[in-house]
Structure formats: C-alpha cells, structure tokens
Amino acid sequence: MPVESGSSAASRQAKQKRKSHSLSIRRTNSTEQERTGLQREMLEGQDSKLPLSLRSNLLDLFGQIEREFENLYIENIELRREIETLNDRLTAEGQTIDGGDLTKGALKTKASHSTSQLSQKLKTTYKASTSKIVSSFKATTSRAVCQLVKEYVGHRDGIWDLSVTRTQPVVLGTASADHSAMLWSIETGKCLLKYVGHAGSVNSIKFHPTEQMALTASGDQTAHIWRYMVQLPTPQPVADISVILNADLCVCLSPIPQQTPCDDDIDFSDKDEADGDGEGPNECPSIRMASTTLRSHQGVVIAADWLVGGKQVVTASWDRAANLYDVETSELVHSLTGHDQELTHCCTHPTQRLVVTSSRDTTFRLWDFRDPSIHSVNVFQGHTDTVTSAVFTVGDNVVSGSDDRTVKVWDLKNMRSPIATIRTDSAVNRISVSVSQRIIALPHDNRQVRLFDMSGVRLARLPHSNRQGHRRMVCCSAWCEDNSSCNLFSCGFDRQAIGWNINIPALLQEK
C-alpha cells in the first residue's frame, strides 16, 4: 500500500484550506449583498444634499473597499495557520531525519544553520547592548564631577562665542551681539580689556597661537585683528577681622532687598542694562582701532580662525564663501566657494594646513592647503539640517554638530561614514573637543550642556537649575587645558559666560 509523502499531504491540506477560504468568500459576498441592500434602504430614508445616485455609487465603492480588506484579512489568517503548520512539521521532521531525501535534508540543514547563525548574531548583539547598559550603571559609583566655578557678567547682549588664549597670560575672550569683545580674568571674573572697534555684532573670537593678538568676526562684514596687553590682577590679601566685622555691621544696618521668587521669572530682554553697569566692565580699558581690517565679504562674517603658524586667517560669511587672508599684507589669498547656502562656522587644524567649513546647506567641506600647488576640497553630507559647527581634534578626527540634533565623529582617513553618532533632544551649537581628555562638549538650544566621549558615550550633563547654569540658549563651549580651576567655559544668550571645573574619572573615559 503506497504511503502518502509529507509534501503531498501538506499540498492537499493547503487545497482544502483554499476551498474553505473560497466558500467563506462566497458566504461573505452573499452577506455583503444583503448588507448593501439594507444600507441602501437606510440611505433613502436619510436627509442629504447629495443626489441619490451619487450616494449609491459611493456606497458601492466603499462596500468594495470593505470586501477587499475583509478578503485580505481572511487570507492573512489562513496564511498564518499554514505557516504555523509548516513550522510544526519542520520541527518534527528535523528531529527524526532518516536520510531518505538527501536534498530536503541538505536544505533543512542549511536553513537550520542559517537560523542558528541569525539567532547567535541576535544573542551577541543583545549581550553587547545589555553589557553596555550594565556598564553605564556600574559607572555611577564614580560619577563625573561638574562644578560651576565662576560667572563672567558684563555684556549688554547675548554672547555668541568664547575662546581661551594659547599663550601666557591665560585669559578668556568673549564675543557678543552688543558690538564688543571682552577679555576676562579667569580667576577673578573681572573684565581686563574691551574691544569696541566693530560696528556690528561680534560673532566669533580666536587668539593667535603664539602672540597676544585676537581675531574677531562681525556682522559689519569685516574681520579685525587687534593686539592686546593685559595684566592679571594680583590675589587680594586676607582682610582684617575688624574690617570684616565693621562691614557686616554696615550690611546689617542697610535695608534688606526684596528677593525674586525664581531666576527663571526674569525676562532678560526687558531688564535694564544693569549687568553692564558694574564696576568691572566699565573700569576696564578699551581698544577702538584694529591693527588689521579684512574686507572683501558681501555679507555677515560669522566666524574666523587662525591657520597653523598664525600667518594666515580664514573667515566664513553669509555670502556663502570662506576667504583666506595673509595677515601681514591683509590681502585676499583664496576665496573658497561651493556652499549652496550661508556658512555657519569655520575651523582650522591645530598642526596641519586644513580648514573645515560648515553651512546651512546641511554639508561641511574639508579644504586642504598642505600642497601649495593643489587645493583640494571634499564635501561631506552626513546631516539633514544646518551644520552649526565642525571642528578638528588633535588626532585625525572631525566632529560635526547640527540642528538635526545629532553630533557625528568622522575619521579623516576614511570619511565615507561617521565612526560614531550622538543623538540628542535639542539642536547643537558650536561644539568643542578637549585636547587632553578627548571629551566633546555639546551646547544646546534648550540651555543644556552635555559631555560625550569620542565613541559617543554620554559622560555627564552640566548642572542646571534656577540658581545656576544658563537661562537661555547656550551658543558655544570652549576647553582650557592650562587652568586648574576652570577647564571648560560656556556662553549663551543670557549675557553671561560660565567657567566650569570638570573632573571625569578614568573609569568613565575608558568605558
């Protein structure tokens, strides 16, 4: 007596199911016809401005759509049942293979092998992700310490950019929308010098690598180079106890000022300019004339930076071009064109003649001036919104930040795709990377500043509350490697710069 094979039995079951499926469709069609007749009778009794014929056609069309969806739903159910049956049969036959059909056995073996590989890959990925999560929980025992050390208040408008000098004395520089740039004592928080030579918003400030010169870019379509001479204030001697007691007595006799309930309730745009009326900024000396003025842009100069050696500078403008100038002659050497929209930032490599420019056209470009005869350019399209900044690291990396709420780390040797991607919950502004610790500081539109390592792991978030931190958009961050008290600075549109002390344990950096 012939024995029915497993494949023929499965095909016969499938045919029977298809027959029952067709019968169910017929029954469904008959019930749909009855339902359509009832609905038409109901339509005749309803008031509508549409003609009866049009309503009837609409009803027929909707009925056909409903039947199609119902048929697809029934077919889906039947297919699910067939898949479950075949899976059960494969499982049962896989345990009792007699070697009767070598072809099927080989196919099953190959399928089971590929399935085991896929499951092993999923398990490995799952273990890696869970171990990463567990390691992040373990790292909480040695958390990063982020302390607010000093606030630098004196500008009359928002601060766009800040930078730290590379030579002694080490001072902090800020560029503000109030048409001025200021130099600050990092330790005391007092203004040492004020540059007021621009006729527009000062959008960036960078210091010469070896000399006491500053480069500022402005909304007046120019970039200025100016020299400065500052002397850091000497530490104040310890006051006499009797003087302190007398001062305390005077304070007690003075009327107690009324306290505001919360710092967030203050509207900085409506405040009077008392921030700039303190004794610090008004008493500091000012410079009104630049030693060199760079003119050739037809729009706002949004950023500028020194090339390695300090003999040339590059500027980025809203006229969609970046210009390379000779510092000594102030002549235009090259005009770097190619961006489709306004430029937002430019940065130079610390040891090589490389320039990176970012733009609102969602790209950033790498310009190579290492060979005087060949000036190559590479375009990178890694973001979906404005690239707010792109900066070099000491190694062979470029870090780019964007309004698409991502930060990407690129390898200069292979920039086809980023080696790390950081996803955030807010637009990212002008980022900075620590030279010694290789930590990325991300200033956000939502008043936060977050720290990540080069592999994209979050290390810390700077403290933010009603009493400390920025109260408006944070525009820029800058690291300082030569100061023990403050090694990170941030500035924002709340008219202040803040100095932070960041201590990242080695365990977090090696994670």
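Residues numbered from 1 in each chain as written. Predicted model: local features only at pLDDT ≥ 70, side-chain atom pairs only at ≥ 80, totals over all residues. Heavy atoms only, no water.

Spatially, the four strands line up as an open sheet ordered 6-7-8-10, and their pairing is antiparallel. Whereas interior strands pair on both sides, the edge strands pair on one side only; in this sheet they are strand 6 (202-207) and strand 10 (292-295). Going across the sheet, the axis of each strand differs from the next one's by a mean of 20°, ignoring polarity. Examined bridge by bridge, strand 8 (residues 222-227) and strand 10 share four bridges and lie antiparallel to one another. If you follow A223 over to strand 10, its bridge partner there is L294. (Pairing = 2+ DSSP bridges. Helix = DSSP H or I, 4+ residues; strand = E, 2+ residues; numbered from the N terminus. Axes fitted to C-alpha atoms, helices over the stretch in contact; angles between N-to-C directions.)

What follows covers the environment of S180. Within the element layout of this structure, S180 appears in the loop between strand 3 (172-176) and strand 4 (181-184). The class for S180 is buried, based on a relative accessible area of 2%. A sequence separation of 106 residues divides S180 from S286, and the C-alpha atoms of the two residues are 9.8 Å apart. Beyond its immediate sequence surroundings of up to four residues, S180 is in contact with H155, T174, A175, K194, Y195, V196 and V202. Separated by 2.7 Å, the side chains of S180 and D178 make a polar contact. (Buried < 20%, exposed > 50% of the residue type's maximum accessible area, 1.4 Å probe, protein only. Contact = heavy atoms within 4.5 Å. Polar contact = N/O pair within 3.5 Å; in protein donor to acceptor, adjacent residues only side chain to side chain.)

On to the nonpolar core, then. Core analysis: the largest hydrophobic core is formed by 25 residues, its most contacted members being F364, V399, I440 and L442. Of all the elements in the fold, those that place two or more residues in this core are strand 16 (354-359), strand 17 (364-371), strand 19 (387-392), strand 20 (397-402), strand 21 (406-411), strand 22 (420-423) and strand 24 (439-443). Looking at which element gives the most residues to this core, the answer is strand 19, with four residues. L442 has contacts with V407, I422, T424, V428, I431, Q448, V449, R450 and F452, leaving out every residue within four places of it along the chain. The next biggest cluster of nonpolar side chains, apart from the first, holds 18 residues, and it includes Y152, I159, C480 and C491. (Core = buried A, V, L, I, M, F, W, Y, C linked by side-chain atoms within 4.5 Å.)

Taken together, the four strands give an open sheet; going across it, the order is 15-16-17-18, and neighbouring strands pair in antiparallel fashion. Strand pairing shows two members of the sheet lacking a second neighbour, strand 15 (343-348) and strand 18 (374-380), which therefore form its edges. Geometrically, the sheet is characterised by an average inter-axis angle of 20° between neighbouring strands, direction not taken into account. Pairing of strand 17 with strand 18 involves six bridges; the strand directions are antiparallel. Residue pairing across strands places D371 opposite I374, the latter belonging to strand 18.

Next up on the list: the side chain of H155. Position of H155 among the secondary structure elements: in the loop between strand 1 (145-153) and strand 2 (159-164). What makes H155 buried here is its relative accessible area of 0%. Here T174 takes part through its side chain, which lies 2.7 Å from a polar atom of the side chain of H155.

Glancing now at the pattern of salt bridges. On inspection of all chains with the given rule, the structure shows eight salt bridges. A salt bridge links R430 to D161, with the shortest nitrogen-to-oxygen separation between them at 3.6 Å. Remark: D161 occurs in strand 2 and R430 occurs in the loop between strand 22 and strand 23 (432-433); sequence separation between them is 269 residues. Judged by its relative accessible area of 10%, R430 is buried. (Salt bridge = Lys/Arg side-chain N within 4 Å of Asp/Glu carboxyl O.)

Okay, the environment of G309 next. Here G309 lies in the loop between strand 11 (301-306) and strand 12 (312-317). Separated by 101 residues in sequence, G309 and H208 place their C-alpha atoms 8.6 Å apart. Setting aside anything within four residues of it in sequence, one finds G309 in contact with H208 and P209.

Here we take up unusual backbone geometry. For the bond from Q168 to P169, the omega torsion is -5°, close enough to zero to count as cis. Checked against the element boundaries, P169 lands in the loop between strand 2 and strand 3. A positive phi angle is found at H179, which is not glycine, with a value near 75°. On the secondary structure map, H179 appears in the loop between strand 3 and strand 4. A relative accessible area of 36% places H179 in the partly exposed class. Even without being glycine, R495 reaches a positive phi, approximately 70°.

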